[in-house]
Amino acid sequence: MKICRFNDNRLGVVEGDNVRDVTEALASLPAASYPFPSHDVLIENLMQIRQAAEQLAPRAPTFALADVKLLSPIGNPGKIVAAPVNYKKHLAEVLGDPEIHNDNQISHIQRAGLFLKATSSVVGASDGVALRKLDRRNDHEVELAVVIGKAANNVSREDALDYVAGYTIGLDITIRGPEERSFRKSPDTYTVLGPWLVTSDEIAKPGELDFSISVNGEVRQKSNTRELILGVPELIEFASSFYTLQPGDVIITGTPEGVGSIKPGDTMFAEVENIGSMQVAVRDAQEG
Ligand code: MN
């Protein structure tokens, strides 16, 4: 199932070029009171949501996807876990370009570990990206994003895919420079998730997906997740050996070679096999 969030926090099921409004399914979520859970309650209860959505869908109001505003498919991710230099050719590209590495020590991912992006950086495809620090290089990074479905602590790679709720496309927008990654990659709108969540039953092999991003029609990055250094199961094993992954936590798995700069006025088009595609506009943050 392809599940989206759209317009004014509506819940939708995507069918072809249309979305069915199944917001009523949210009534099946347990009531919450302060302090609210720090993980995503919809993803935690995805089974019930799916059942309710399936019952509602045939009679649900239908909109053209082109006419709705797509929000991040995960409303309340507790963590955005990110993988640095997780494609071999991207590692070579980083080491070879001072504008990308900025004299930062670049280590293999097994040595560098993972990093976190602020959850306040997350937006959906229709929100677009608002660039800051326009005197510096701002880059696109397209990545397969993994959404965790249930608490995962010290999970082995063999069991790891059982903990996945689904997949979406992630854009890890990045200001190049000398600061820590989490600082340069966490401005508002610098994590785009979308266009929707594809549940894990529709993607049996996350390690065999073609994906790409183009900017203003020019292809910039094009690869396949089989080129990952640490694949999805290994990333879940690695992350969950340091902290518990919670429902709705997102792992953005790393970007391949071809990172390049974006500027206000640009339009990005990102696509991942078996997930879909999304168009994301770039603007100047000072213009709102
Ligand atoms: Mn990245």
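Since this is a predicted model, take the numbers as computed values, not measurements.

Overview of the domain arrangement of the protein
Turning to step 1, where the next piece is worked out: The assigned domain composition of the protein is domain 1 (2-67) and domain 2 (80-287).
Turning to step 2, where the next piece is worked out: The gap between the C-alpha centroids of domain 1 and domain 2 is 24 Å.
Turning to step 3, where the next piece is worked out: Here domain 1 and domain 2 share an interface that buries about 1000 Å² over both sides, 66% of which is from carbon and sulfur atoms.
Turning to step 4, where the next piece is worked out: For domain 1, the biggest contributors to the area lost against domain 2 are Lys2, Ile3 and Ile43; these three give 50% of the whole.
Turning to step 5, where the next piece is worked out: Counting across the interface, domain 1 meets domain 2 through 2 salt bridges.
Turning to step 6, where the next piece is worked out: Here arginine 50 ties to aspartate 201 by a salt bridge, and the two come within 2.9 Å at their closest N and O atoms.
Turning to step 7, where the next piece is worked out: The tally of links from domain 1 across to domain 2 stands at 5 residue pairs in polar contact (both at pLDDT 80 or more).

Let's talk about the coordination of the manganese ion
When four donors bind a metal tetrahedrally, each ideal donor-metal-donor angle is 109.5 degrees, and when six bind octahedrally, the ideal angles are 90 or 180 degrees.
Turning to step 1, where the next piece is worked out: For the manganese ion, every protein donor is listed as Glu141 (OE), Glu143 (OE) and Asp172 (OD), and the spread of their distances is 2.0 to 2.2 Å.
Turning to step 2, where the next piece is worked out: Of note, the manganese ion draws all its donor residues from one chain, in the sequence arrangement E-x1-E-x28-D. Glutamate 143 matches glutamate 141 in its accessibility class, with the two residues each being buried.

Some details on the sheet that holds strand β9 (residues 138-140)
Turning to step 1, where the next piece is worked out: The strand order across the open sheet formed by 3 strands is β12-β9-β17, and the pairing between neighbours is antiparallel. Both outer strands of the open sheet, β12 (174-175) and β17 (260-261), are each paired with one neighbouring strand and no more.
Turning to step 2, where the next piece is worked out: Of the strand pairs in this sheet, β9 and β17 are connected by 2 bridges, and their pairing is antiparallel. Looking across to β17, one finds that histidine 140 is bridged to glycine 260.

What counts and how
- Residues numbered from 1 in each chain as written.
- Predicted model: local features only at pLDDT ≥ 70, side-chain atom pairs only at ≥ 80, totals over all residues.
- Heavy atoms only, no water.
- Domains from an automatic or database assignment.
- Buried area = accessible area lost by both parts, 1.4 Å probe.
- Salt bridge = Lys/Arg side-chain N within 4 Å of Asp/Glu carboxyl O.
- Polar contact = N/O pair within 3.5 Å; in protein donor to acceptor, adjacent residues only side chain to side chain.
- Donors = N, O, S within 2.8 Å, 3.2 Å for Na, K, Ca; no water.
- Buried < 20%, exposed > 50% of the residue type's maximum accessible area, 1.4 Å probe, protein only.
- Pairing = 2+ DSSP bridges.
- Helix = DSSP H or I, 4+ residues; strand = E, 2+ residues; numbered from the N terminus.

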